Amino acid sequence: MSNSSQNQTTKADNVTGPDYQITKISLPVQISWIEPGTYIVPNISVRNAGADDTNTQPVQIQAFLGKYQLISKNNMISSFKAGEERIVSPNYLIPNGVPTGEYTLTVSATLGQEEGGATDNSMASAPDPVNVKQITSKAKVRSCNCA
């Protein structure tokens, strides 16, 4: 093996940064459907499969229902050590524009550029679908002109 080939192999095998992976997503028992404008609170297991993370930048946990990004105010967690795993339960608001339908909940973990870390496992999907249903306002349903 030439010296340059050996250097390339060594460099590729050295993952030096953190590698945040979503290892499990579970949804609490809930009714058969949820509506836009309400919150969903999944339990998300996140593991650092790379090196210790000494970065002061928090890890962002983003969630999507299909192509629709969910809104959260508490989806940032502090960085953590190699091999450490945490379970987090962010509150995600389902935006009003999500139409009625069945969706896959997908979650991703990102930390800045994740330099040196492998990011191929940083996204996962919940095993069960989420059913979204638009609710007609009660004011619109009432049409009685009762005297």
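Relevant structure appears above.
Read on for a plain summary of the structure. (Residues numbered from 1 in each chain as written. Predicted model: local features only at pLDDT ≥ 70, side-chain atom pairs only at ≥ 80, totals over all residues. Heavy atoms only, no water.)

**A look at the overall build of the chain**
Check the secondary structure of the chain and you find two helices and twelve strands. Counted from the first residue to the last, the chain has its helices and strands arranged as α-β-β-β-β-β-β-β-β-β-β-β-β-α. Expressed as a percentage of the 147 residues in the chain, the buried residues total 32%. Partitioning the intrachain contacts of the chain with sequence separation of at least 6 by distance along the chain shows that 75% fall at a separation of at least 24. For the chain, the exposed surface amounts to about 9,200 Å²; the carbon and sulfur share of it is 48%. (Helix = DSSP H or I, 4+ residues; strand = E, 2+ residues; numbered from the N terminus. Buried < 20%, exposed > 50% of the residue type's maximum accessible area, 1.4 Å probe, protein only. Contact = heavy atoms within 4.5 Å. Areas by Shrake-Rupley, 256 points an atom, 1.4 Å probe, with all protein chains shown as cover.)

**Some remarks on the nonpolar core**
Counting residues in each nonpolar core, the largest one holds 27 residues, and the members touching the most others are V46, I61 and L105. Of all the elements in the fold, those that place two or more residues in this core are β1 (20–26), β3 (43–48), β4 (59–65), β10 (105–110) and β12 (130–132). Counting residues per element, this core draws most heavily on β4, which supplies four residues. Not counting residues up to four positions away in its chain, the partners in contact with L105 are I25, L27, P42, A63, F64, L65, L70, A124, S125, A126 and V130. (Core = buried A, V, L, I, M, F, W, Y, C linked by side-chain atoms within 4.5 Å.)

**Considering the pattern of salt bridges**
Applying the stated criterion to the full structure yields one salt bridge. Between E84 and R86 there is a salt bridge, and its shortest N-O distance comes to 3.1 Å. For E84, a relative accessible area of 28% corresponds to the partly exposed category. (Salt bridge = Lys/Arg side-chain N within 4 Å of Asp/Glu carboxyl O.)

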